[in-house]
Amino acid sequence: MDGGQPVPSPLVPLGNMSSDSSMSLEQKTTFVFVILLFIFLGILIVRCFRILLDPYRSMPTSTWADGLEGLEKGQFDHALA
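In this text the structure is predicted, and so the values were computed from the model without any measurement. (Residues numbered from 1 in each chain as written. Predicted model: local features only at pLDDT ≥ 70, side-chain atom pairs only at ≥ 80, totals over all residues. Heavy atoms only, no water.)

*Asks:* For this particular structure, what's the right way to read the overall build of the chain?
*Replies:* If you tally the helices and strands in the chain, you get 2 helices and 0 strands. Buried residues in the chain amount to 0% of all 81 residues. Carbon together with sulfur atoms contributes 67% to the accessible area of the chain, which is approximately 8,300 Å² in total. (Helix = DSSP H or I, 4+ residues; strand = E, 2+ residues; numbered from the N terminus. Buried < 20%, exposed > 50% of the residue type's maximum accessible area, 1.4 Å probe, protein only. Areas by Shrake-Rupley, 256 points an atom, 1.4 Å probe, with all protein chains shown as cover.)

Now the structure itself:
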């Protein structure tokens, strides 16, 4: 039943298929784009975990009224009256 001939496997490419089994330019571009998306996703996940662990580090210490002087600080009080 063996017959002496190996059974070709679809997972292992044969030696005579050199140009057909290689990736096309579109497949290479897609592969690189997906890898870049995974890297970007990893950076975002790390950043989100850092914010969750220490949320007050990313908040600014100044307030919106620090740069305003004189009448500019109270201009909204007059608009509400």
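*Asks:* How should I be thinking about a nonpolar patch on the surface in this particular structure?
*Replies:* On the surface, Phe33, Val34, Leu37, Phe38, Leu41, Ile45, Phe49 and Leu52 cluster together into a nonpolar patch covering about 830 Å² of accessible area. Tracing the backbone shows Phe49 in helix α1 (residues 25-53). (Patch = residues over 30% accessible without salt bridge, like charges linked within 9 Å, V, L, I, M, F, W, Y side chains within 5 Å. Salt bridge = Lys/Arg side-chain N within 4 Å of Asp/Glu carboxyl O.)

*Asks:* Can you walk me through the pattern of salt bridges in this structure?
*Replies:* Pairs can form between side chains of opposite charge once their charged atoms are near each other. For the structure shown, the criterion picks out 1 salt bridge. Here Arg57 makes a salt bridge to Asp54, at a shortest N to O gap of 3.6 Å.

*Asks:* Honestly, the environment of Met23 in this entry has me stumped. Any pointers?
*Replies:* By the element assignment, Met23 lies in the segment before α1. In this view, Met23 contacts Lys28 and Phe31; residues no more than four positions away in its chain are not counted. (Contact = heavy atoms within 4.5 Å.)

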